[in-house]
Each structure stands twice: as C-alpha cells, then as structure tokens.
Amino acid sequence: MEVYLDNAATTKPCPEAVEAAVAAMTENYGNPSSLHRAGLNAQLVVDGARKAIADSIGGDRDCIYFTSGATESNNLALRGASAAYGRKNKKIVISAVEHASVEETAADLEKKGFEVVRVSPREDGRYYAADFVNACDDSTCLISMMYVNNETGYILPVKETFSAVKRRYPHIITHTDCVQAYMKLPIKAGALCADLISLSGHKIHGGKGVGALYIKKGVRVLPVVTGGKQEKGIRSGTESVPMIAAFGAAVKKLSPTVSERWDKVSGLKSYLLSKLRDMENVTVNSPEDGSPYVVNISAVGKRSEIMLHFLESKGIYVSSGSACSKGQQSGVLGQFGIRDKRADSALRISMTAETIEAELDMFCEALSEGMEKVRG
C-alpha cells in the first residue's frame, strides 16, 4: 500500500477531471480559435470551465485568463502589472515567504530598475497587515502576497492587508497567489480586495499544465507571451482544451464542499498532531491556526533528504519542502524562525480530504522507525 502525503506538490486527478480531459481529446479536439463547428465545440468547453472558475471566486468569467500554470500566472501578474503601472511608480512590495515564481520574478524586476521590498514576519513568527501597509508608499505600483504558504500552511492576512492598502493607496495593484488556498478556503475576489489572483489546476485534482489568472475589470496587465491573440491577447497560444476541461471539472466537483472538506482535513491534522506529540525529537513547525492541508515537522537530528528516502522505501511519500526547490532549502522556514538543525530536518506532510487515518498511522510508524534507524 502506497501512502501519498505530498498533495501540496500535486494531487491525483479526480475521475471527473480525467473524464473531461479524455472527452476533450477524443470528442472536442478542435482548435478553439477555428471558425467551424469543431472549433466552436472546443470553445464551448473552454467557456464552461472559465465560468466555473469565475463563479467559484465570485468573479466575472471575462476576468479569467488561462495560462500553463500558476508559475506563469504569477509571472504574468508581476511582469504584466509592473509593465502597465511601473513607468513612474517603481516600487513593488512582496512577502519574504513567497513561492519561487514570485520571488525570482521580483528579483528579476529588481535588476530591471524596480525597488522590491520584502516584508518578513515579526519575531513572533506572524505577519501583520500594518507591516505591509507601512512598506507601501505613493511610488508603489504593486503588492503581491500569497494566501497560504506552501511550505508551512501559514495563512497570511491577505484580506486585511489588501483592504488597508486600498484605503490608503487606491492606485496600488493587489495580487495574491492562491495556489494552496484555492478550493480549500473560501476565496472571493471582492472580499479579498484582490485585483489579480493566481490559480493552479493540478493542486485541486485537475491536471498539470494549466492555471488561470483572475484580472479584475479595469485593471491593466500587459502580455508576456504574444502571438495569436488568444485569451483576448493577454496570453497568446492555443488553449490546452483537455487540461482546461479537467480544471473546470475539478472546480465543479470541489466548489460545493470547501467548508466540509476543510473540517475533515482539520480532523486529520489533529489526529496526526496527537500521534506526533509523543515522539521524541519530532517538532511541529506549522502554526496551530494554519491550513490543515499542510503540516511541516522536523525530525530533529535526521537530514530531510535521508529521512524522505527512508520513508519512500516504505512506500510513503512526503517532501522536504516546496517541490519546486528540488530539495534545496528555500529560506522560507528561516523567515518563520525555523533554522539550523530544525530546518535541515524538515518534512512536509500534505493531505487531502481523501487521506485516511490509517495512512497517517503508517506514516507515524515509519517515521518512528526512521528516527531509530536513520543516521544523520
């Protein structure tokens, strides 16, 4: 029996998503830009998914633009908004714990003449809206802040921050990377005061290779990819109809049960923590009030990579942090005060509502065995 506990890296596609993708490949295989019936049928599939995603965040379907994934969505948000609004206002504010697709894009913009301010948590390991507001000024064109941290599950104060920023600096464009929050927390664009929202398909039981960017009406984003004018010229390139169909199908399935699944996974997190509590040299790094879908721990004294492969030998799959970091420390844990041996021994357990207690039992048993057998 394999135990898959790396759902923050990717999720298994749900049957509805697989069925929708297969139908798009075998039945509605036309190019959405073609003017004949086959093209129209493919376009209807894309439009249906666009509406489902828009409805799920309380937005207009004309505000949803499909991309190849959240990495591209984040790039488009930062590069596109800074190009549109950064001619005079050359300052960007981000959190210091962003995904690499935001951090590295911001770093590249920094090289191109933008000032980038990275806001760190306070000494208590928490973020406060006031710190982001104070980092902004009249020369700021954009603020980007993830909703749920992908390594620890920490929930950042996006709503409080964006609403406060908009009150003081209404010209600032607000962007949130919602990859680890979408279909887990209720997300409404208006309530978050978000101008731009990045979403991913494969984190919500859809398929890999598709994402979306919500762009509020009236907000300008200049394209990064140009060509055939697809997605109203914001993101050129023939749409991946099968993956878009899978994305939409997953959203339709999950949207009605966001709260129900949150409660179920919260119970699983409590169960896991109760079992970890009695293990010597195992420390929980995730906050109690964080997302239950992500639990970060440290098997102190055992290097992450070595423990990860020991667990893998038992058929148990977890990660040592963000999958995009390929096992390298991203520095995010250090921002939250998790350093040295604790950071070197960090493991991320990420669940879904399909996870069962028996799988967590197997993980804990293997972890306990690893604590005894694994060297350094």
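What counts and what doesn't
Every chain's residues receive numbers from 1 upward, in the order its sequence appears when written. It should be noted that, the model being predicted, local features are given only for residues of pLDDT at least 70 and side-chain atom pairs only at 80 or more, the latter also being counted only at that level, while totals for whole chains, interfaces and linings use all residues. As a rule here, side-chain values cover all heavy atoms of the structure and leave hydrogens and water aside. Only C-alpha atoms enter the line fits that serve as axes; for helices the fit covers just the stretch in contact. Angles between N-to-C directions range over 0 to 180 degrees. Helix and strand definitions here come from DSSP, where helices need a minimum of 4 consecutive H or I residues and strands a minimum of 2 consecutive E residues; each element is numbered from the N-terminal end. Geometric relationships in this document are graded by angle, where less than 35 degrees denotes roughly parallel, more than 145 denotes roughly antiparallel, 65 to 115 denotes roughly perpendicular, and other angles denote oblique. Each crossing is labelled by how the near helix is turned from the far one, with a counterclockwise turn of less than a right angle marking it left-handed and a clockwise turn marking it right-handed. Here a residue-residue contact requires only that any non-hydrogen atoms of the pair lie within 4.5 Å. Polar here means any residue other than Ala, Val, Leu, Ile, Met, Phe, Trp, Tyr, Cys and Pro, which are nonpolar, and Asp, Glu, Lys and Arg, which are charged; Gly is therefore polar. Grouping buried Ala, Val, Leu, Ile, Met, Phe, Trp, Tyr and Cys residues that are joined through side-chain atoms within 4.5 Å yields what is termed a nonpolar core. Here's how the labels work: a residue is buried when its accessible area is under 20% of the maximum for its type, exposed when over 50%, partly exposed in between, all with a 1.4 Å probe on protein chains only. For two strands to count as paired, DSSP must find a minimum of two bridges between them. In a helix, the anticipated span is given by 1.5 Å times the number of residues less one. In the analysis that follows, any N or O atom pair within 3.5 Å is treated as a polar contact, provided that within protein one partner can donate a hydrogen and the other can accept it, and provided that, for residues neighboring in sequence, both atoms belong to side chains. What makes a salt bridge here is a side-chain nitrogen of Lys or Arg within 4 Å of a carboxyl oxygen of Asp or Glu, nothing more.

Break down the packing of helix α1 (residues 15-26) against helix α8 (residues 241-254) for me, with residues and values.
Describing two packed helices takes the angle between their axes plus the distance from one axis to the other. Closest axis-to-axis distance for the α1/α8 pair is 7 Å, and the angle between their directions is 150 degrees. Taken together, the axis directions place α1 and α8 in an arrangement best described as roughly antiparallel. When you trace α1 past α8, the crossing you get is right-handed. Side by side, α1 and α8 meet where P15, E16, A17, A20, A21, A24 and M25 of the first sit next to V241, P242, M243, A245, A246, A249 and K253 of the second. Grouping the constituent residues of the contact of α1 with α8 by class yields 12 nonpolar, no polar and two charged.

So what's going on with the nonpolar core? Residues and values would help.
By size, the foremost hydrophobic cluster in this structure holds 67 residues, and its most contacted members are F66, Y127, Y147, Y182 and F247. When neighbours within four sequence positions are excluded, F66 is seen to be in contact with V46, A49, R50, I53, V210, G211, A212, E231, R235, I244 and F247. Core analysis: the next-biggest nonpolar cluster, separate from the first, contains 31 residues, L5, A8, V265 and V374 among them.

How would you summarise the sheet that holds strand β6 (residues 173-177) if you had to cite specific residues and measurements?
The seven strands lie next to each other as β2-β8-β7-β6-β5-β3-β4, forming an open sheet whose pairing is mixed. The strands lining the two open edges of the sheet, one partner per strand, are β2 (64-67) and β4 (115-119). Ignoring which end each strand starts from, the neighbouring axes of this sheet average 20 degrees apart. With five bridges connecting them, strand β3 (residues 91-95) and β4 associate as parallel partners. When the bridges of β4 are listed, K91 appears paired with E115. The strands that helix α3 (residues 70-85) touches are β2, β3, β5 (140-144), β6, β7 (196-200) and β8 (211-215); relative to β7, the one it contacts most, it runs at about 160 degrees. Sheet contacts for helix α6 (residues 158-168): β5 and β6; angle to β6, the most-contacted strand, approximately 170 degrees.

Tell me what's going on with α3, and back it up with residues and numbers.
Its 16 residues place the ends of α3 22 Å apart at the C-alpha level, agreeing with the 22 Å of an ideal helix rising 1.5 Å per residue. Along α3, the residues classified as buried are A70, E72, S73, N74, N75, L76, A77, L78, G80, A81, S82 and A84.

Report on the sheet that holds strand β9 (residues 282-284), specifying residues and quantitative values.
Within the open sheet, the three strands sit side by side as β9-β10-β12. Their pairing is antiparallel. Pairing within the sheet leaves two strands with one partner each, and these edge strands are β9 and β12 (346-350). Going from strand to strand, the sheet's axes swing by 30 degrees on average, the running direction of each strand aside. Judged from the three bridges that link them, β9 and strand β10 (residues 294-299) form a sheet pairing that is antiparallel. Across the sheet, residue V282 finds its bridge partner in β10, namely A299. Strands β9, β10 and β12 of the sheet are contacted by helix α9 (residues 258-276), whose axis makes an angle of about 10 degrees with β10.

I'd love a proper account of the side chain of N285, names of residues and values included.
Mapped onto the secondary structure, N285 falls in the loop between β9 and β10. Among the polar contacts listed, one links the side chain of N285 to the backbone oxygen of I297, at a separation of 3.4 Å. Not counting the four nearest positions on each side in its chain, N285 is found in contact with N296, I297, S298, I338, R342 and A346.

Describe the pattern of salt bridges, naming the residues involved and giving the relevant values.
Counted under the stated rule, the structure contains 17 salt bridges. With a shortest N-O distance of 2.8 Å, E231 and R50 are connected by a salt bridge. Here the residue E231 occupies a position in the loop between β8 and α8, and R50 occupies one in helix α2 (residues 37-56), the gap between them amounting to 181 residues. Assigned by exposure class, E231 and R50 land together as buried. Among the salt bridges present, the one from R118 reaches E110, with a minimum N-O distance of 3.1 Å. One salt-bridge network, in which partners are shared between bridges, spans R79, D108 and K112.

Pulling in residues and values, what's your account of the packing of α9 against helix α13 (residues 357-373)?
Taken N-terminus to C-terminus, the directions of α9 and α13 make an angle of 25 degrees; their axes are 10 Å apart at the nearest point. Classified by the angle between their axes, α9 and α13 sit roughly parallel to one another. Crossing handedness for the pair α9 and α13: right-handed. Contacts between α9 and α13 pair L268, Y271, L272, K275 and L276 from the former with E357, L360, D361, F363, C364 and L367 from the latter. Looking at the contact of α9 with α13 residue by residue, the class counts come to eight nonpolar, no polar and three charged.

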